[in-house]
Amino acid sequence: MTPIIRTVDLRMAYRVGSADVPVLRGVNLDVPGGEFLAIMGPSGCGKSTLLHLLGGLLQPLSGNIFIDGTDLTKLNDSGRTEVRRKKIGYVFQKFNLLPTLNVRDNLNLAKKIHGNGSYSPERTNEILDMLGLSEKTNHHPSELSVGEQQRVSIARAIINKPRILLADEPTGSLDSGNSRMVLKMLQDLNATLGQTIVMITHDYDAASAAARMIEMRDGRIVLRVEAAALDSKYEGFL
Ligand SMILES: Nc1ncnc2c1ncn2[C@@H]1O[C@H](COP(=O)(O)OP(=O)(O)OP(=O)(O)O)[C@@H](O)[C@H]1O
Ligand SMILES: [Mg+2]
């Protein structure tokens, strides 16, 4: 079966001053539909860059990115935006909430832009409740703790039940209780909706919530491990 996400020899560089600094050096990744995949690796190895490329937020230097059979690298900005709106929910490492909107309106805007219009206010309430945000609906992002902002960004990404969820360190700012709650929620979405999840994390416990883990170093995938085997595989590797 064709994977829902496929990258072929994906390369990316950022221009810094007059030099192009390579960040991804040939990433080949297949994610079958319905998989929950974790991406790990040291700071600066290119994890967020890879996720941005998968979400159509950047264009690569070379290589291909297939999302559900469509090659994003062959599309223009609006074509990539269309694919993202239809198929992808994105949890940004830096949240990217709209500062002038309160929590409820941040979610409602996502429903309006990306949704098919069929979701009721109950859907917003249900998500807010699930993420422990019911008391915060009228707060603006600046009036929320960092962990609360992170949970709003997760709520916004999942509200339309996207087929693919790309989550950049979704538990990075959460305490252990909230981390467990979010990971359990992602596992449930994966199991009940068959949602494909790609999650970046620095945390081995979080990674073991996924079914498979890849490790990146210096712009390349250096290790692929079934998460169930993560503990034993990692002995001697770290
Ligand atoms: N817009 C940019 N312009 C220039 N260099 C950039 C830009 N964005 C990222 N980089 C560089 O690309 C490299 C990879 O960045 P990226 O954000 O993908 O890393 P990461 O693996 O997500 O790190 P972290 O775990 O700290 O979030 C880093 O060295 C970073 O400095
Ligand atoms: Mg990052």
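For clarity, every value in this text was computed on a predicted model and none was experimentally measured.

What follows concerns a nonpolar patch on the surface. There is a patch of nonpolar side chains on the surface, built from Tyr14, Val16 and Val21 and spanning about 250 Å² of accessible area. One can find Val16 in strand β1 (residues 5–16). For Val16, a relative accessible area of 52% puts it in the exposed group.

Ordered by their spatial adjacency, six strands build an open sheet running β6-β7-β8-β3-β9-β10, and the pairing between neighbours is mixed. The sheet is open, and its two borders are formed by β6 (88–91) and β10 (220–226), each paired with just one other strand. With direction set aside, neighbouring strand axes in the sheet form an average angle of 15°. Here strand β3 (residues 36–40) pairs with strand β9 (residues 212–217) via four bridges, running parallel. What sits directly across from Ala38, in β9, is Met213.

All right, on to the side chain of Ser48 then. Counting through the fold element by element, Ser48 comes out in helix α1 (residues 47–54). Apart from residues no more than four positions distant in its own chain, Ser48 is found in contact with Tyr90, Gln93, Asp168 and Ile200.

Another aspect to go through is the pattern of salt bridges. All told, the structure shown has 14 salt bridges when counted by the stated rule. Residue Arg15 pairs with Asp20 through a salt bridge whose shortest N-O separation is 3.1 Å. Its relative accessible area of 55% is what places Arg15 among the exposed residues. With a relative accessible area of 45%, Asp20 lands in the partly exposed category. The salt bridge involving Arg217 is made with Glu215; its shortest N-O contact spans 3.0 Å. Taking relative accessible area as the criterion, Arg217 reaches 38% and is therefore assigned partly exposed. Residue Glu215 is classed as buried on the basis of its relative accessible area of 3%. In the salt-bridge network here, residues are joined through shared partners; they are Asp68, Lys87 and Arg163.

Our next topic: the pairing of β6. The alternating pattern of β6 places Ile88 and Tyr90 on one face and Gly89 and Val91 on the opposite face, and all of these are buried. Alignment of β6 against strand β7 (residues 164–168), held across four bridges, turns out to be parallel. Among the inter-strand pairings, Ile88 is bridged to a residue of β7, identified as Ile164.

Within the protein, the atoms that donate to the magnesium ion (ligand 2) are Ser48 (OG) and Gln93 (OE1), at distances of 2.0 to 2.3 Å. Of this pair, Ser48 sits in helix α1 while Gln93 sits in the loop between β6 and α3 (103–114), placing them 45 residues apart in sequence. Take Ser48: its relative accessible area is 19%, and that puts it in the buried class.

On to the site of ligand 1, then. Near ligand 1 lie 14 residues; those nearest to it are Ser43, Gly44, Lys47, Ser48 and Thr49. Here Ser43 contributes a side-chain N or O atom positioned 2.5 Å from an oxygen atom of ligand 1. Between Gly46 and ligand 1, the recorded distance is 3.1 Å, taken from a backbone N or O atom to an oxygen atom. Every element with two or more residues in the shell around ligand 1 is listed here: β1 and α1.

Moving on, we come to the environment of Glu135. Note that Glu135 resides in the loop between α4 (121–130) and α5 (146–158). The class for Glu135 is exposed, based on a relative accessible area of 71%.

Reading the values: rules and limits
- Residues numbered from 1 in each chain as written.
- Chains lettered and ligands numbered in written order.
- Predicted model: local features only at pLDDT ≥ 70, side-chain atom pairs only at ≥ 80, totals over all residues.
- Heavy atoms only, no water.
- Patch = residues over 30% accessible without salt bridge, like charges linked within 9 Å, V, L, I, M, F, W, Y side chains within 5 Å.
- Areas by Shrake-Rupley, 256 points an atom, 1.4 Å probe, with all protein chains shown as cover.
- Salt bridge = Lys/Arg side-chain N within 4 Å of Asp/Glu carboxyl O.
- Helix = DSSP H or I, 4+ residues; strand = E, 2+ residues; numbered from the N terminus.
- Buried < 20%, exposed > 50% of the residue type's maximum accessible area, 1.4 Å probe, protein only.
- Pairing = 2+ DSSP bridges.
- Axes fitted to C-alpha atoms, helices over the stretch in contact; angles between N-to-C directions.
- Contact = heavy atoms within 4.5 Å.
- Donors = N, O, S within 2.8 Å, 3.2 Å for Na, K, Ca; no water.
- Near = heavy atom within 4 Å.
- Polar contact = N/O pair within 3.5 Å; in protein donor to acceptor, adjacent residues only side chain to side chain.

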